[in-house]
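Summary of the model geometry
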Amino acid sequence: MDTLSCAELTTREINAALAELPAGATARIEQPWGRHNLAVGLTNRITIEIDGNAGYFIGGLGDGPDITVDGFVGWSVGENLMSGTVRVRGNASECAGASAHGGTLVIHGDASSRAGISLKGGTVLIGGDAGHMSGFMAQAGVMLIGGDAGPALGDSLYETVIYVAGRIASLGSDAQVEELTDDDVLTVKQLIDTAGFHHIDPENVTRVASARQLYNFDALKNQRY
Amino acid sequence: MCGIVGLHLKTPGLYPRLGELLTPMLAAMTSRGPDSAGLALYRDLPGSAEPEMEVRKDVGLPEEICRRYDIAERAGFQGIGHTRMATESAVTTEHSHPFAPAEGLALVHNGSFSNHASVRRRLERDGVRCVTDNDSEVAARYIAQQLDRGADLGDALRMVLKELDGFFTLLVTTTTQFAVMRDSFACKPAVIAETPDYVAVASEYHALAQLPGIAGARVFEPVPEEVYTWTR
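Residues numbered from 1 in each chain as written. Chains lettered and ligands numbered in written order. Predicted model: local features only at pLDDT ≥ 70, side-chain atom pairs only at ≥ 80, totals over all residues.

**Some remarks on the sheet that holds strand β8 (residues 177–182) of chain B**
Residue and element names in this part refer to chain B. The strand order across the open sheet formed by 5 strands is β5-β6-β7-β8-β12, and the pairing between neighbours is antiparallel. Of all strands in the sheet, those bounded by a partner on one side alone are β5 (99–102) and β12 (228–231). Going across the sheet, the axis of each strand differs from the next one's by a mean of 20 degrees, ignoring polarity. As defined by bridge partners, β5 adjoins strand β6 (residues 105–113) across 2 bridges and the pair is classed as antiparallel. When the sheet's bridge partners are listed, F99 is paired in β6 with L107. Lying over the sheet, helix α4 (residues 135–148) contacts β5, β6 and β7 (166–173), oriented at roughly 135 degrees with respect to β6. Along the sheet face, helix α5 (residues 153–163) touches β7, β8 and β12 and points at about 20 degrees away from the line of β8. (Pairing = 2+ DSSP bridges. Helix = DSSP H or I, 4+ residues; strand = E, 2+ residues; numbered from the N terminus. Axes fitted to C-alpha atoms, helices over the stretch in contact; angles between N-to-C directions. Contact = placed C-beta atoms within 7 Å.)

This is the structure we're talking about:
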């Protein structure tokens, strides 16, 4: 296993070293001390362990690696994630998984406001609570919130579906609670297994989706815009 | 952008280290605000019941400014600091934070107020004059006016939510209190670390990462519109 220390290396040196690793390799980042931009823009199928609290944009733009942070992270963890996983064992600050096109972001603790903002197909799984305006303008993909959701959940939602195990402080504009189908229960079961969030009962979650009153386009109908 | 830091010491044993602990915190926020920097430091004076607040601010990089004013050698029980990336008014010492519009009161601000001109005019009608055209000075003078009218610091900050429109994380101190508040949308970052020895605030966690006992601290983000105060 390669060990990279933030006390000795710049962020650029760490990310360059990670990008050089062959598929299947494992690297450990030590003494992160809130460092921003660790393990961003990587396209190799490697495993990365970050040993402590990290800063902003951890694992952003990732298209391959599996990253685990043994601590909490700052803003925008897994921003624009394409594939692979980012797992945070602690809490995450704002905008977790913002604009993620694919891959899976797992947050064992709480996520702050605007989690999953503008989600574009990624999967955002939060074990604890999510802050205000989570799922804002989320277009595709799925979110699971194991605790409570803050105010204005799913504001201006497009086609992302949000499952919430706890209470919802309030729904945002054009977000609505819908009936939970058998397919939903199966989906939530799979998400629980992926994340290891066995405190969630898949049959007792609330499904939140778009009421589709704020947007009116349908790309499948060859409409012109 | 802009960076803010603050340290409220609970354990007198740490008082001699106030400046030594604050200096790297402020330096860590250089990337958020390389234009100017400043600090307000509070210390007890021998034989006096009233603590002293000292403000030091200047144009330049935070580390240079700390060196220029020997901040690392300063003792005290609390301090706040600011690194400025100017967006709405000139880069001068006068436009730098902290703003200290009344005795013992200091404010640092990360964000911007959109209706500061209207509030400044209202303050002027009440006889309160701003020295600069800076938006944060308006907030500082508005809070000072509320305190002057009898509000406590928590109430004065809640009035900011009603009267001032914009994005902000505010860190405000008096000789007895240390307060943090974020706007309704929590647009600007803030992280608080609390231990039995201190309360520390910063825009970003890495400014706190070197503090003693940080591994055991309760680290959390202030939620929108909630006033957090610590009283000496």
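Moving on from the coordinates now.
**Looking at the sheet that holds strand β2 (residues 26–30) of chain A**
Residues and elements named next belong to chain A. Across the sheet, 11 strands lie side by side as β1-β2-β3-β4-β5-β6-β7-β8-β9-β11-β10; this open sheet has mixed pairing. Edge positions in the open sheet fall to β1 (2–5) and β10 (175–178), since each of these has one partner strand only. On average, each strand axis in the sheet is inclined to that of its neighbour by 20 degrees, with strand direction left out of account. As defined by bridge partners, strand β4 (residues 63–69) adjoins strand β5 (residues 83–88) across 5 bridges and the pair is classed as parallel. Each residue of the ladder has a partner; that of D66, found in β5, is T85.

**Focus: α4 of chain B**
Residue and element names in this part refer to chain B. In this model, α4 (14 residues) spans 20 Å end to end at C-alpha, consistent with the 20 Å of a helix rising 1.5 Å per residue. For α4, the tally of buried residues reaches 10 of 14 residues, placing the bulk of the element in the interior. Residues of α4 that are buried: D135, S136, E137, V138, A139, A140, R141, Y142, I143 and A144. Where α4 is buried, its residues touch β5, β6, α3 (116–125), α5 and β7. Where α4 terminates, the next one or two residues include G150, which has phi positive at roughly 110 degrees. (Expected span 1.5 Å × (residues − 1). Buried ≥ 20, exposed ≤ 12 C-beta atoms within 10 Å, placed from the backbone.)

**Focus on unusual backbone geometry**
Residue P98 of chain B follows H97 of chain B across a cis peptide bond; omega there is 0 degrees. Mapped onto the elements, P98 of chain B comes out in the loop between β4 (78–84) and β5. Even without glycine at this site, S118 of chain A takes up a positive phi of about 55 degrees. Structurally, the position occupied by S118 of chain A is in the loop between β6 (104–107) and β7 (120–126). The phi dihedral of A186 of chain B falls on the positive side, at around 50 degrees, and the residue is not glycine.

**Regarding the pairing of strand β3 (residues 47–51) of chain A**
Residue and element names in this part refer to chain A. Going residue by residue along β3, you find I48 and I50 tucked away on one face and T47, E49 and D51 left uncovered on the opposite face. Direction of pairing for β2 relative to β3: parallel, over a ladder of 5 bridges. Across the sheet, T26 pairs through a bridge with T47, a residue of β3.

**What about the confidence of the model for chain B?**
Across chain B, the average pLDDT comes to 97, with 100% of residues at 70 or higher. Complex prediction metrics read pTM 0.93 and ipTM 0.88. (pLDDT = per-residue confidence, 0-100.)

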